[in-house]
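Listed below are the residues making up each chain.
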Amino acid sequence: MTDNTRPTDSLTQQRAAAAAAALPVPCPSVDALDHILPEEPLLMMGAGPVPIPDAVAKANSVVINHLGDTMARVIDQVKSMARYVFQTRSNWVLGVAGPGSAAMEMAVSNLAWPGTRVLSIANGFFSGRMAEMARRVGAEVATLDVADREIVSLDALAQAIERTRPEVVTVVHGETSNTVWNRQLRDIVRIAKASGALVVVDAVCTLSTMPLEMDAWGIDVVITGGQKGLSSIPGVSLIAFSDAAWERVRTRTTPNTHWCLDATLAENFWHNAGYHYTAPVSGVLALHEALRLVCTETLEKRFARHQRCSFALQSGVTALGLELYTPEACRLNSVVGIALPAGVTPRDVCGHISQQYQVEIAGSFGLPIVRIGQMGEQCREHHLFRTVHALGRTMCDLGVKVDLPAGVAALEESLSAAR
Ligand SMILES: Cc1ncc(COP(=O)(O)O)c(C=O)c1O
């Protein structure tokens, strides 16, 4: 192959590029948000974020100083409400300026460092993410791989623990990606703790939607995001460390390479009213209101509401003639996975239902399913009727035979029976 570019051509190009680079960057012409956002807001029934209550939206529009007495009082209340939601008396509750993944990374990067033995129970996309985070801090990571739509066998777990002698075990309570509920979490924790490991639980999908008792079950770290069960905004998350986990964090000899996520630095803001970085005050205020609403409702009633709504949704979807993706024995209630019949893709369904019916539902990382969330404000009867109707109509529009009246009737029957 010959190069026909003459030296003078490339010199001219370089000069032109240098001249363009010297000009000021022109101001772009953009659309106002009103032109970008849909005229009628979509009903957010996907796998998160979820609709937020007015009190949360109002708090999210307020900015106050991130330091000082007012913020200190807010932080104090956030921590005590978070202790209720996590069901822990541990002092070591912190907020995280970042998504649920930042809370995951705070857990992993504070407890693991080069050479730490980590065992990750891997039964989906998000459990894989924790393993990857542990690899990136240099830990020696073993995964206990579990087939799609199955839960880990406790015997296999005991064997993996014996083989790999982990210092840290990670597990996801509700694997949002394939809608699997690791329902024997309590036993997983018991087996891992008996070997001396610390246990990190990702409760991003499940916290406040179903029981999780950090202290009673012996969990060392629980993490959650704001935008799911708590019905707050995305971007401010929560984490709680047990005394044993905090001791490991406090006494480690090499500092965490993630400066923002260093729990000992974050402690300064979350426990000493001091400066770490400028906290996302509006998001913390929103989280305060979201937690306050959980406390007003009480966990007991909230769990019952979630279960009633999710079961009714599952009845409605089944009566439409569609199939639920996950077997009942390990089916997550917080996000319901629906297997799609041949001939329609998640993209077809999600695109059509949002454009035609203003309801947003989710696909899932390449799986042939769509997912409907049942977290926080998504668990309201009027949202369920609209969603089942929109899903049924979408299927008809896309040429899939479903029984729409039967779906809506089954939804109503299930809700009424559990009233
Ligand atoms: C179980 C689980 N873990 C972690 C995450 C990550 O949360 P985020 O997207 O807020 O980083 C998600 C998000 O869907 C999740 O469902």
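A quick note: this is a predicted structure, and the numbers were derived from the prediction, not measured.

A. Region of the structure containing unusual backbone geometry. Of note, the amide linkage connecting G48 to P49 takes the cis form, showing an omega dihedral of 5 degrees. With respect to the helices and strands, P49 occurs in the loop between strand 1 (43–44) and helix 3 (54–59). Although it is not a glycine, S208 sits at a positive phi angle of roughly 75 degrees. Look at T298: it is not a glycine, yet its phi comes out positive at around 80 degrees. In this fold, T298 is placed in the loop between helix 12 (281–297) and helix 13 (299–320).

B. Representation of the site of the ligand within the structure. Neighbouring the ligand are 14 residues; P99, G100, S101, T176 and V204 lie closest to it. In terms of residue count, helix 5 (residues 100–111) provides more of the shell around the ligand than any other element does, three residues in total. In the shell around the ligand, the residues fall into eight nonpolar, five polar and one charged.

C. Representation of the domain arrangement of the chain within the structure. The domain boundaries assigned to the chain delineate domain 1 (54–297) and domain 2 (299–417). Computed over C-alpha atoms, the centres of domain 1 and domain 2 are 28 Å apart. If you look at the interface, domain 1 gives 24 residues, while domain 2 gives 23 residues. Those elements that place two or more of their residues in the side of domain 1 that touches domain 2 are strand 7 (180–181) and helix 12. The residue inventory of the side of domain 1 that touches domain 2, partitioned by class, reads nine nonpolar, ten polar and five charged.

D. Local environment of the packing of helix 4 (residues 69–86) against helix 12. Viewed as axis vectors pointing N to C, helix 4 and helix 12 meet at an angle of 45 degrees, and their least axial separation amounts to 9 Å. Between helix 4 and helix 12, the crossing angle belongs to the class labelled oblique. As helix 4 packs across helix 12, the resulting crossing turns out to be left-handed. Between helix 4 and helix 12, the residues in contact are M71, V74, Q77, V78, M81, A82, Y84 and V85 and V281, V284, L285, L287, H288, L291, R292, V294 and C295, respectively.

E. Focus on the environment of E150. Looking at the element boundaries, E150 is found in the loop between strand 4 (140–145) and helix 7 (154–164). Its 14 C-beta neighbours within 10 Å are what place E150 among the partly exposed residues. Separated by 30 residues in sequence, E150 and V180 have C-alpha atoms that sit 7.2 Å apart.

F. View of the nonpolar core. In this structure, A107, L111, A134, V199, V221, I239 and A240 are the most contacted members of the largest nonpolar core, which totals 126 residues. Counting residues per element, this core draws most heavily on helix 12, at eight residues. Two domains each put at least three residues into this core: domain 1 (54–297) and domain 2 (299–417).

G. Main features of the pairing of strand 10 (residues 236–241). Burial within strand 10 is extensive, with six of its six residues counted as buried. On strand 10, burial covers both faces: V236, L238 and A240 on one face and S237, I239 and F241 on the other are all buried. When strand 2 (residues 92–97) meets strand 10, the two strands line up antiparallel, connected through six bridges. The partner of A97 across the bridge, within strand 10, is V236.

H. Focus on helix 12. Spanning 17 residues, helix 12 covers 24 Å between terminal C-alpha atoms, matching the ideal 24 Å at 1.5 Å per step. The set of residues buried in helix 12 consists of G283, V284, L285, A286, L287, H288, E289, A290, L291, L293 and V294. Of the surrounding elements, those touching the buried residues of helix 12 are helix 3, helix 4, strand 2, strand 10 and helix 13. At the exit of helix 12 stands T298, carrying a positive phi of roughly 80 degrees.

I. How the structure looks around the environment of P24. Along the chain, P24 falls in the loop between helix 1 (7–22) and helix 2 (33–36). For the pair P24 and V222, spaced 198 residues apart in sequence, the C-alpha separation works out to 49 Å.

J. Inspection of the packing of helix 13 against helix 15 (residues 381–397) at higher detail. Remark: helix 13 packs on helix 15, axes separated minimally by 10 Å, with the N-to-C direction vectors making an angle of 20 degrees. Relative to helix 15, the element helix 13 is oriented roughly parallel. The hand of the helix 13/helix 15 crossing is right-handed. Residues C309, A312, L313, G316, V317 and L320 of helix 13 form the contact with helix 15, whose own contacting residues are L384, V388, L391 and G392. Taken together, the residues that form the contact of helix 13 with helix 15 break down as eight nonpolar, two polar and no charged.

K. View of the sheet that holds strand 11 (residues 323–324). Spatially, three strands are ordered 11-12-14 in an open sheet, and the strand pairing comes out antiparallel. Of all the strands in the sheet, the pair left with one neighbour each is strand 11 and strand 14 (369–373). As judged from the five bridges shared by strand 12 (residues 335–339) and strand 14, these two strands associate in the antiparallel manner. Among the inter-strand pairings, V335 is bridged to a residue of strand 14, identified as G373. Its contacts with the sheet put helix 13 on strand 11, strand 12 and strand 14, and the angle it makes with strand 12 is roughly 10 degrees.

Thresholds, definitions, all that
Per chain, residues are indexed from 1 in the order of the written sequence. Side-chain atom pairs in this predicted model are given and counted only at pLDDT of 80 or more, local residue features only at pLDDT of at least 70, and totals for whole chains, interfaces and linings cover all residues. A helix here means a DSSP run of H or I that spans at least four residues, while a strand means a run of E at least two residues long, and both kinds are numbered starting from the N terminus. Think of it this way: take the backbone, place a C-beta atom on it, and check whether that atom is within 6 Å of the molecule or strand, in which case the residue is near it. Each residue receives one of three labels: charged for Asp, Glu, Lys and Arg, nonpolar for Ala, Val, Leu, Ile, Met, Phe, Trp, Tyr, Cys and Pro, and polar for the others, Gly being one of them. A domain assignment, automatic or from a database, supplies the domain bounds used here. A residue pair is marked as a contact if its C-beta atoms, positioned from the backbone, fall within 7 Å. An axis is simply a line fitted to the C-alpha atoms; with a helix, the fit covers only the stretch in contact. Between two such axes, the angle follows the N-to-C directions and lies from 0 to 180 degrees. Our angle categories are set so that under 35 degrees counts as roughly parallel, over 145 as roughly antiparallel, 65 to 115 as roughly perpendicular, and the remainder as oblique. Should the near helix be turned anticlockwise from the far one by less than a right angle, the crossing is termed left-handed; should it be turned clockwise, right-handed. In this scheme every C-beta is placed from the backbone, and a residue whose C-beta has 20 or more other C-beta atoms within 10 Å is buried, one with 12 or fewer is exposed, and one in between is partly exposed. By convention the nonpolar core is taken to be a set of buried residues drawn from Ala, Val, Leu, Ile, Met, Phe, Trp, Tyr and Cys and joined through C-beta atoms within 7 Å. Note: two strands are recorded as paired if DSSP finds a minimum of 2 bridges between them. By this rule, a helix spans an expected 1.5 Å times one less than how many residues it contains.

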